[in-house]
Amino acid sequence: MGQKGDCDMTDKKLIFGYQTFRAQHWPRFRELYERLTRDGQKPKAMILACADSRVDPATIFSAAPGDLFVCRNVANIVPPYASDRGLHSTEAGLEFAVNGLKVEHIVLMGHGQCGGIEALLQTDALEGEPPTEFIHRWVALAAPALRLVLEKYKDRPRRELQLLLEEENIRLGLSRLMTYPFIRQRIESGEMALHGWHFSVADGILMRLNPETDCFEPVR
Ligand SMILES: [Zn+2]
């Protein structure tokens, strides 16, 4: 594809990144890649995260190839379980991780300054046609989290609402995961655990939802 200007620079940066990978990363992990080719992948954890460029799970968790099965979408949303004939990307990832790979953990990870959550906050003020073709309709899947936050905290400043909604979206996602029969069955048999985490882009701090207190607490 012939592109000019900034695209050209991006292209060069990607190629340079690949060359660095081949020169440094590949020799170091070559045996691991060979083993993963021979034996297949057996990650113990699935991470469901936002597509945001600042919250790459492999970077945050210092993961090696084969460690993490990662699914990312805008605003790390778990769609409601729907056993219909529609096309379900995130659900397909969940099904493969749980039934195919038999992961032992699903981590639902939200993050600070999430643009998808910002769009969800805007939807409250919107009437009529949404301003984007796909984004606003997608994030509206998390409308129950928005309603709850606006009911409980409507007088809080916008910046606080953003964080509260990022957290509530994680709680909503975890409760929805429990309505997927193949997930619920593995949780109840003790073969798998669910986790709700939030990563702050501003200070690099990871918070973990404590199911006992229903509060997010920093990971030490
Ligand atoms: Zn995001």
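The structure reproduced in this document is the subject of the present report.

Residues Gly116, Ile117, Ala119, Leu120 and Leu121 constitute the buried set of helix H4 (residues 115-123). On its buried face, H4 is in contact with helix H5 (135-139), helix H6 (143-153) and helix H7 (158-177).

Running from N to C, H6 and H7 point in directions that differ by 135°, and their axes come no closer than 8 Å. Classified by the angle their axes make, H6 and H7 are oblique. Remark: the crossing between H6 and H7 carries right-handed chirality. Taking contact as the criterion, the partners of Pro144, Ala145, Leu146, Leu148, Val149, Leu150 and Tyr153 in H6 are, on H7, Leu161, Leu164, Leu165, Glu168, Asn169, Leu172 and Arg176. Classifying every residue of the contact of H6 with H7 gives 11 nonpolar, 1 polar and 2 charged.

Here we come to the pairing of strand S5 (residues 206-210). With 3 bridges joining them, strand S4 (residues 193-199) and S5 adopt antiparallel strand pairing. When the bridges of S5 are listed, His198 appears paired with Met207. In sequence, S4 turns back onto S5 through a hairpin of 6 residues, with Gly204 there showing a positive phi of about 70°. As paired elements, S5 and strand S6 (residues 215-218) share 4 bridges and run antiparallel to each other. Across the sheet, residue Met207 finds its bridge partner in S6, namely Pro218.

Protein-derived ligands of the zinc ion are Cys50 (SG), His111 (NE2) and Cys114 (SG), with the metal-ligand distances lying across 2.0 to 2.3 Å. Between the donor residues of the zinc ion, the gaps in sequence give the motif C-x60-H-x2-C.

Our focus in this paragraph is H6. Turning to H6, its buried residues are Ala143, Ala145, Leu146, Val149 and Leu150. Considered in projection along H6, the buried side chains sweep an arc of 155° and stay on one side of the axis. Opposite the buried face of H6, by more than 90 degrees, sit the exposed residues Glu151 and Lys152. On its buried face, H6 is in contact with H4, H5 and H7.

Locating Glu166 in the fold gives a position in helix H7. Within the structure, Glu166 has its side chain in polar contact with the backbone nitrogen of Gln113 (distance 3.1 Å). One polar contact links Glu166 to His198, side chain to side chain, over a distance of 2.9 Å. Filtering out sequence-adjacent residues up to four positions away, Glu166 remains in contact with His111, Gly112, Gln113, Cys114, Ile117 and His198.

Let us look at the packing of aromatic side chains. This structure, assessed with the given rule, holds 8 aromatic pairs. With centroids separated by 5.9 Å and ring planes inclined at 85°, the aromatic side chains of Tyr180 and Phe182 adopt a geometry described as edge-to-face. In this structure Phe182 comes out as buried when scored by relative accessible area, which is 18%. A connected cluster of aromatic rings, assembled from ring pairs, spans Tyr18, Phe21, Trp26 and Tyr33.

As a further point, take the nonpolar core. Core analysis: the biggest nonpolar cluster contains 21 residues, and Met46, Leu94, Val103, Ile106, Leu177 and Ile183 have the highest contact counts within it. Residue assignment for this core shows that the elements contributing at least two residues are strand S1 (45-50), strand S2 (68-73), helix H3 (89-100), strand S3 (105-111), H7 and helix H8 (181-188). Ignoring any residue separated from it by four or fewer positions in sequence, one finds Met46 in contact with Phe69, Cys71, Gly93, Leu94, Ala97, Val103, His105, Ile106 and Val107. Among the nonpolar cores identified, the runner-up in size contains 18 residues, and Cys50, Ile117, Ala119 and Leu150 belong to it.

With that out of the way, let us pick up the sheet that holds S2. Here we have 6 strands laid out as an open sheet, ordered S2-S1-S3-S4-S5-S6, and mixed in their pairing. The open sheet terminates on both sides in strands that have one partner only, identified here as S2 and S6. Pairs of neighbouring strands in the sheet enclose a mean axial angle of 30°, with direction left out of account. Where S1 meets S3, 5 bridges bridge the pair, whose relative direction is parallel. For Ala49, the partnering residue across the bridge sits in S3 and is Met109. With respect to the sheet, H3 is in contact with S1, S2 and S3, its orientation differing from that of S2 by roughly 170°.

Criteria and thresholds
- Residues numbered from 1 in each chain as written.
- Predicted model: local features only at pLDDT ≥ 70, side-chain atom pairs only at ≥ 80, totals over all residues.
- Heavy atoms only, no water.
- Buried < 20%, exposed > 50% of the residue type's maximum accessible area, 1.4 Å probe, protein only.
- Helix = DSSP H or I, 4+ residues; strand = E, 2+ residues; numbered from the N terminus.
- Contact = heavy atoms within 4.5 Å.
- Axes fitted to C-alpha atoms, helices over the stretch in contact; angles between N-to-C directions.
- Parallel < 35°, antiparallel > 145°, perpendicular 65-115°, else oblique.
- Left-handed = near helix turned anticlockwise from the far one by under 90°.
- Nonpolar A, V, L, I, M, F, W, Y, C, P; charged D, E, K, R; others polar.
- Pairing = 2+ DSSP bridges.
- Donors = N, O, S within 2.8 Å, 3.2 Å for Na, K, Ca; no water.
- Arc of directions from axis to C-beta.
- Polar contact = N/O pair within 3.5 Å; in protein donor to acceptor, adjacent residues only side chain to side chain.
- Phe/Tyr/Trp six-rings, centres within 6.5 Å; stacked < 30°, edge-to-face > 60°.
- Core = buried A, V, L, I, M, F, W, Y, C linked by side-chain atoms within 4.5 Å.

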